[in-house]
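What follows is each chain in one-letter form.
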Amino acid sequence: MTTAEAPASTSEGTNKFGVEWAPGTLNSSDAIISVRHLRKWFQVGNTILGFGQKHWLKAVDDVSFDIERGKTIGLVGESGCGKTTTLKVLLGLEVPTEGQIFYEGEDVKTLSKAGRKDFRTSIQAVFQDPWSSLNPRMRVNSIVAEPLEIATTMTRGQIRTRVGELLTEVGLNSYQGNLYPHEFSGGQRQRIGIARALALNPKIITLDEPVSALDVSIRAQIMNLLVDLQEEHGLAYLMVAHNLATVRYMCHRTAVMYLGVIQEMGDTESIFRAPTHLYTNALLSAALPSHPDIDREEIILPGEVVSPVDPPPGDVFMTRTPLPVDPDHEFAKTRPPLTEIEPDHWVTVTPWSTIESATEQGIDLALSVDEEVQDV
Ligand SMILES: Nc1ncnc2c1ncn2[C@@H]1O[C@H](COP(=O)(O)OP(=O)(O)OP(=O)(O)O)[C@@H](O)[C@H]1O
Ligand SMILES: [Mg+2]
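Every chain is numbered on its own, with residues counted from 1 as its sequence reads. The lettering of chains begins at A and the numbering of ligands begins at 1, in the order of writing. For this predicted model, a pLDDT threshold of at least 70 governs which residues receive local features, and a threshold of 80 or more governs which side-chain atom pairs are given and counted, while totals over whole chains, interfaces and linings are taken from all residues.

Chemist: Any chance you could break down the overall build of the chain for me, citing the residues and the numbers?
Modeler: Helix and strand labels come from DSSP, where a helix needs a run of H or I of at least four residues and a strand needs a run of E of at least two; each type is numbered from the N terminus. A count of helical and extended segments in the chain gives 11 helices and 12 strands. Residues are called buried when their C-beta atom has 20 or more other C-beta atoms within 10 Å, exposed when it has 12 or fewer, and partly exposed otherwise; all C-beta atoms are positioned from the backbone. Burial statistics for the chain: of 376 residues in total, 41% are counted as buried. Residues are treated as contacting if the C-beta atoms built from their backbones sit within 7 Å of each other. Taking the contacts inside the chain whose residues are at least 6 apart along the sequence as the reference set, 66% of them involve residues at least 24 apart.

As structure tokens, this is what we get:
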């Protein structure tokens, strides 16, 4: 699928709601949610009666992005880089340590009671594992009806009709509402989760690995369903996925996270066509090629996956890069900003973080992302 053409980026000022631009964001007038400089730190380790050193696990550290009407933004990165934590903060399941979340231009911290209810209704979630996210003791009708019973004043008859419509919309039969989750296949269970998420007509659905628990043969069906629902309802998705093919298929924009920090971000096709950060290249090279005869050099990053506890004050990638790091360089001491290297393609550029740097230094890490099938 070719993703929609990226809107022109406005790398300054405020959007129509008055929300300040941040590097990597588009300041689009279609932004329903704008996340700015979000941090979620967890205090870890023992302090006895408040004494002893405090350690901070910086799960999300200064992350900014927009969620645009009708579009999908993807978050990718290794296990533990802060993807789910970002979703949890948006869903109100974790309190941010710092930063702001704007819903249609209003800081969610200052929303009125009614505004908060509207915000909570407008963002719903579909989880990775439809087994654990559906109550096994409830019939499907009750599972899908629950949000309507809690958050609306609809009558029982209206709810019954709406549940039937929702089940049909996700490709199930309305009679299946009388069954229990275990009486469905994995793909069908994920459809039930999607029906429940759709019940309150949300503007945004967070998708945390929505197809990774499913059999490969039914992943495409669920992805197509999500794309169809997006087109039908103008839904926005914030999607977390390990599988890069899923990201390329579903996401208009992609953010690559490493240790709580976005390292590369922008139009999905630009990133897949010209991955620039070494970390993005390593992720892509670790992904299976779509054809077994495709020759793909693998980039293995040295060292262990670094702990997010008390990360370095400078570039978090400097302890993982295969290139030499100058400890006196400013980005060894302060965080490098995202730089726009082509329209809507942003990267944290340091002497040790990009493919270009490696080439300039004569270190060959080049990765063939042009998928040329070799003659066999
Ligand atoms: N409540 C918590 N207390 C302490 N640390 C936490 C808490 N929740 C998450 N973390 C830590 O924050 C970091 C980010 O976790 P998160 O679940 O966001 O990762 P992820 O990118 O979703 O990983 P995965 O791909 O494995 O799902 C991890 O190091 C995790 O151990
Ligand atoms: Mg996760």
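Okay, back to it.
Chemist: I'd like to hear about the sheet that holds strand β8 (residues 236-240), residue by residue, with values.
Modeler: Any two strands are treated as partners once DSSP identifies two or more bridges connecting them. Taken together, the eight strands give an open sheet; going across it, the order is β6-β7-β8-β3-β9-β10-β12-β11, and neighbouring strands pair in mixed fashion. With one partner strand each, in any of the chains shown, β6 (123-126) and β11 (338-342) form the two edges of the open sheet. Pairwise comparison of adjacent strand axes, ignoring direction, gives a mean angle of 20 degrees for this sheet. Across three bridges, the pairing between strand β10 (residues 261-267) and strand β12 (residues 345-348) is antiparallel. By the bridge assignment for β12, Gly 266 is matched with His 345. Fitting a line to C-alpha atoms yields each axis, with helices limited to the stretch in contact; the angle taken between N-to-C directions then spans 0 to 180 degrees. Here helix α10 (residues 278-286) sits on the sheet in contact with β3 (72-76), β9 (253-258) and β10, set at roughly 100 degrees to β9.

Chemist: Hey, could you go over unusual backbone geometry for me, with residue numbers and the actual values?
Modeler: The backbone phi angle of Asn 27 is positive, close to 55 degrees, even though this residue is not glycine. Within the secondary structure, Asn 27 is located in the segment before β1 (31-44). The class of Asn 27 is buried, set by 21 C-beta atoms lying within 10 Å.

Chemist: Go over the site of ligand 1, please, and point to the residues and values.
Modeler: The local shell around ligand 1 consists of Phe 42, Val 44, Leu 57, Ala 59, Ser 79, Gly 80, Cys 81, Gly 82, Lys 83, Thr 84, Thr 85 and Pro 308. Listed by contribution, the elements that provide at least two residues to the shell around ligand 1 are β1, β2 (55-68) and α1 (83-90). No other element matches the three residues that α1 contributes to the shell around ligand 1. Under the grouping applied here, Gly and all other residues not named as nonpolar or charged are polar, the nonpolar ones being Ala, Val, Leu, Ile, Met, Phe, Trp, Tyr, Cys and Pro and the charged ones Asp, Glu, Lys and Arg. Partitioning the shell around ligand 1 into residue classes produces six nonpolar, five polar and one charged. Using the backbone to place each C-beta atom, any residue with that atom within 6 Å of a molecule or strand is considered near it.

Chemist: Account for the pairing of β2, with residues named and values stated.
Modeler: Taken across its 14 residues, β2 has 10 buried, putting it largely inside the fold. Pairing of β1 with β2, which is carried by 11 bridges, proceeds in the antiparallel orientation. When the bridges of β2 are listed, Val 44 appears paired with His 55.

Chemist: Could you give an account of helix α7 (residues 216-233), naming the residues involved and the relevant values?
Modeler: Three- or four-residue spacings in an α-helix give side chains the same orientation, since the helix completes a turn every 3.6 residues. The length a helix should cover is 1.5 Å for every residue beyond the first. The end-to-end C-alpha distance of α7, which contains 18 residues, comes to 26 Å, matching closely the 26 Å that a straight helix rising 1.5 Å per residue would cover. Looking only at α7, the buried set comprises Arg 219, Ile 222, Met 223 and Leu 226. Buried residues of α7 fall within an arc of 100 degrees about the axis and therefore sit on the same side. Exposed residues on α7 whose side chains face more than 90 degrees from its buried face are Ser 217, Glu 231 and Glu 232. At its buried positions, α7 is contacted by α6 (186-198), β8 and α8 (244-250). A positive phi of about 65 degrees marks Gly 234, the residue just after α7. What the arc covers is the set of directions going from the helix axis to the C-beta atoms.

Chemist: Please provide a residue-by-residue account of the environment of Ala 145, values included.
Modeler: Its location among the elements puts Ala 145 in helix α4 (residues 140-151). Among the residues examined, Ala 145 registers 22 C-beta atoms within 10 Å and is labelled buried. When sequence neighbours within four positions are dropped, the list of residues in contact with Ala 145 reads Ile 159 and Val 163.

Chemist: So what's going on with the nonpolar core? Which residues, and what values?
Modeler: Remark: nonpolar core denotes a set of buried Ala, Val, Leu, Ile, Met, Phe, Trp, Tyr and Cys residues whose joining runs through C-beta atoms within 7 Å. Residues Val 144 and Ala 195 are the most contacted members of the largest nonpolar core, which totals 84 residues. Residues contacting Val 144, with those up to four places away along its chain left out, are Val 163, Leu 166, Leu 167, Ile 192, Ala 195, Arg 196 and Ala 199.

Chemist: Which residues make up the sheet that holds strand β5 (residues 106-107), and what are the values?
Modeler: Ordered by their spatial adjacency, four strands build an open sheet running β2-β1-β4-β5, and the pairing between neighbours is antiparallel. With one partner strand each, in any of the chains shown, β2 and β5 form the two edges of the open sheet. The strands touched by α1 within the sheet are β1, β2 and β4 (98-103), with β2 carrying the most contacts at an inclination of about 65 degrees.

Chemist: Now, about the environment of Pro 147: what can you tell me, with residues and values included?
Modeler: Within the element layout of this structure, Pro 147 appears in helix α4. Take Pro 147: there are 17 C-beta atoms within 10 Å of it, and that puts it in the partly exposed class. Sequence separation between Pro 147 and Ala 199 is 52 residues; the distance between their C-alpha atoms is 6.9 Å. In contact with Pro 147, not counting residues within four places along its chain, are Arg 196, Ala 199 and Leu 200.

Chemist: So what's going on with the pairing of β10? Residues and values would help.
Modeler: By the criterion of burial, β10 is predominantly enclosed, with seven of the seven residues buried. For β9 and β10, the ladder comprises six bridges, and the chain directions are antiparallel. Residue pairing for β10: Met 257 is matched across the bridge by Ile 262. Hairpin remark: β9 followed by β10, antiparallel, with two residues in the connecting loop; positive phi at Leu 259, about 50 degrees.

It is worth stressing that arrangement in space is one thing and function is another; only the former is reported here.
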